[in-house]
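Inside the fold
Next come the chains, spelled out residue by residue.
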Amino acid sequence: MKAVRYYGKGDVRFETDVPEPELLPGTIMIAPAWTGLCGSDLHLYFEGPLVPVSPTADDAHRLTGEKLPVVLGHEFSGVVEQIGAGVTGFSIGDPVVVEPVKGCGSCAACDSGRYNACGAMACLGISGGGGGLAEHVVVSPERVHHIGDMPLDEAALIEPLCVGYHAVKQSGAKEGDIVVVAGAGPVGLLAAASLKGIGATTIVSEVSPIRRQTAIDTGVADYVVNPAAESLADKVTDLTGGRGADVAVDCAGVQAALDELLQVVKVGGVVEIVAMYNGKPEIDMAALVFKEITVQGSVGYADDHAAVIELVRAGKIPLAPFITSRIRAENFVEDGLKYLQAEKDTQVKMIVQL
């Protein structure tokens, strides 16, 4: 079959003779339709394997048992193509999305329901086990979610939307809250979309003019601030009467943004960090202690797909505005990875079709 496979840093290949996956009892074969290109794909290509989530050419992943190469693509939609013996609740042709993350099922994190924090966590399209950039993928039915009449191209954004939604859920943000989102990259925009979906007021802080405009054009920002040219603190003070934001979501991953969020959140507020930092950021302990701020992290998602799909199907989170480019799988490296590395501010979500 045709597939895009990852061999290691700087080595991604579109191939036409990849072995077909085997349909086993208790599994479902899916024909992927659209696959989102993610920042993780960029890291894999330009920086190398994401150990321990990624296998290497020498070391197999603990859960999948696969070494490199592996099929890429973890943000994908598709249709049910074949159904293995013993599987119920699905019909041939059903439109679906696949939840790629899976834990070991036996560690403390998995036992607590936080399989996204499992130390042995595997992710389809990164760890082995198939991926969306192939003609076929075989998965367990518990990882497959019905999407009804949702367009398949838009459905490819369900997985990254779950990342933003999970951070919002973790933060405790609710309808009527005023929430600051730092960073308007894909995760920040989708976190803001999740906040709008639950009825919160969003203030998006972003230095890039293109990303600020995207936050406006997609409708996820009630207010947009350029922190390099204006005071985020003054904007929050004006909007809250000096009380401060209820919640702040850090999707920027830079020290200056974290400092500002600790400043603008209210007494007893929450700073939710979903961004990945290079190095170890400093925390303003005076703000943390004297304002009794809760600072916590968020990674991926856990049991969030059903709720996110319902929000989208109810019209509370429109996904079409976030699709900014469509490319073919055979052009994945040049038109996808290399283009995004050079022009990342011009895109929200690029989707790929085989």
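Below, the structure is looked at part by part.

Thresholds, definitions, all that
Residues numbered from 1 in each chain as written. Predicted model: local features only at pLDDT ≥ 70, side-chain atom pairs only at ≥ 80, totals over all residues. Heavy atoms only, no water. Helix = DSSP H or I, 4+ residues; strand = E, 2+ residues; numbered from the N terminus. Rg over C-alpha atoms; globule rule 2.2 N^0.38 Å. Contact = heavy atoms within 4.5 Å. Areas by Shrake-Rupley, 256 points an atom, 1.4 Å probe, with all protein chains shown as cover. Lys, Arg positive; Asp, Glu negative; His and termini not counted. Charge placed at Lys NZ, Arg CZ, Asp CG, Glu CD. Buried < 20%, exposed > 50% of the residue type's maximum accessible area, 1.4 Å probe, protein only. Arc of directions from axis to C-beta. Pairing = 2+ DSSP bridges. Right-handed = clockwise from strand over helix to strand, strands pointing away. Axes fitted to C-alpha atoms, helices over the stretch in contact; angles between N-to-C directions. Disulfide = S-S within 2.5 Å. Core = buried A, V, L, I, M, F, W, Y, C linked by side-chain atoms within 4.5 Å.

Here the focus is the overall build of the protein chain. Counting its regular elements, the protein chain contains eleven helices and 18 strands. For the protein chain, whose C-alpha radius of gyration is 20 Å, the value lies close to the compact-globule estimate of 20 Å for 354 residues. Judged by the C-alpha coordinates and their principal axes, the protein chain covers about 60 × 40 × 40 Å. Across the protein chain, every contact between residues at least 6 apart in sequence was considered, and the portion connecting residues at least 24 apart equals 68%. Of the accessible surface of the protein chain, which amounts to about 14900 Å², a share of 50% is contributed by carbon and sulfur atoms. Both charge centroids of the protein chain, one from 26 positive and one from 45 negative side chains, sit 1 Å from each other.

Glancing now at helix H11 (residues 332-343). Among all positions in H11, only Phe332, Val333, Gly336, Leu337 and Leu340 are buried. The buried side chains of H11 occupy one side of the element, clustering within an arc of 115° when seen end-on. Summarising the contacts, the buried residues of H11 are in contact with strand E1 (3-8), strand E2 (11-15), helix H1 (39-46), strand E17 (323-328) and strand E18 (349-353).

Relative to strand E16 (residues 294-297), strand E15 (residues 265-273) runs parallel, the two sharing four bridges. Counted as the bridge partner of Val270 is Thr294 from E16. Handedness of the β-α-β unit built from E15, helix H9 (residues 285-290) and E16 comes out right-handed.

Below, the discussion takes up the environment of Gln341. Locating Gln341 in the fold gives a position in helix H11. The spatial distance from the C-alpha of Gln341 to the C-alpha of Leu42 is 7.2 Å, given a sequence separation of 299 residues. Setting aside chain neighbours within four positions, we find Gln341 in contact with Leu42 and Phe46.

Attention now moves to the sheet that holds strand E13 (residues 223-225). The six strands are arranged E13-E12-E11-E14-E15-E16 in an open sheet whose pairing can be described as parallel. Every other strand in the sheet has two partners, leaving E13 and E16 as the edge strands with one partner each. Going from strand to strand, the sheet's axes swing by 20° on average, the running direction of each strand aside. Relative to strand E12 (residues 201-205), strand E11 (residues 178-182) is paired through five bridges, and the arrangement is parallel. Bridge assignment links Val181 to a residue of E12, and that residue is Val204. In the packing of helix H8 (residues 255-264) onto the sheet, the strands contacted are E11, E12, strand E14 (245-250), E15 and E16, and the crossing angle to E15 comes to about 150°.

So, about the state of the cysteines. Counted by the stated rule, this structure contains zero disulfides. Cys251 takes part in no disulfide bond, and the closest cysteine sulfur, belonging to Cys38, lies 13 Å away. The exposure class of Cys251 is buried, given its relative accessible area of 15%.

With that settled, the discussion passes to the sheet that holds E2. Taken in spatial order, the three strands make up an open sheet running E2-E1-E4, and their pairing is antiparallel. Here the strands that pair on one side only, and so sit at the sheet edges, are E2 and strand E4 (70-71). Note that E1 and E4 share two bridges and pair antiparallel. From the neighbouring strand, Arg5 faces E4, where its bridge partner is Val71.

In this section: the pairing of E2. For E1 and E2, the ladder comprises five bridges, and the chain directions are antiparallel. Note that in E2 the partner of Arg5 across the bridge is Arg13. Counted between consecutive antiparallel strands, the loop separating E1 from E2 contains two residues, among which Gly10 sits at a positive phi close to 70°.

On the secondary structure map, Asn226 appears in the loop between E13 and helix H7 (232-240). Dropping the residues within four chain positions of it, Asn226 is found in contact with Glu206, Val207 and Arg212.

Let us now look at the nonpolar core. One broad rule of soluble globular proteins: the nonpolar side chains tend to lie buried together. If you look at the biggest cluster of nonpolar residues, it comprises 74 residues, and the most contacted ones within it are Val12, Leu72, Ile158, Leu319, Phe322, Phe332 and Leu337. Looking at which element gives the most residues to this core, the answer is helix H4 (residues 158-171), with seven residues. Not counting residues up to four positions away in its chain, the partners in contact with Leu72 are Val4, Tyr6, Val12, Asp41, Leu44, Gly125, Gly131, Gly132, Leu133 and Phe332. Within the second largest apolar cluster, 22 residues are counted, among which are Ile203, Ala233, Ala245 and Leu258.

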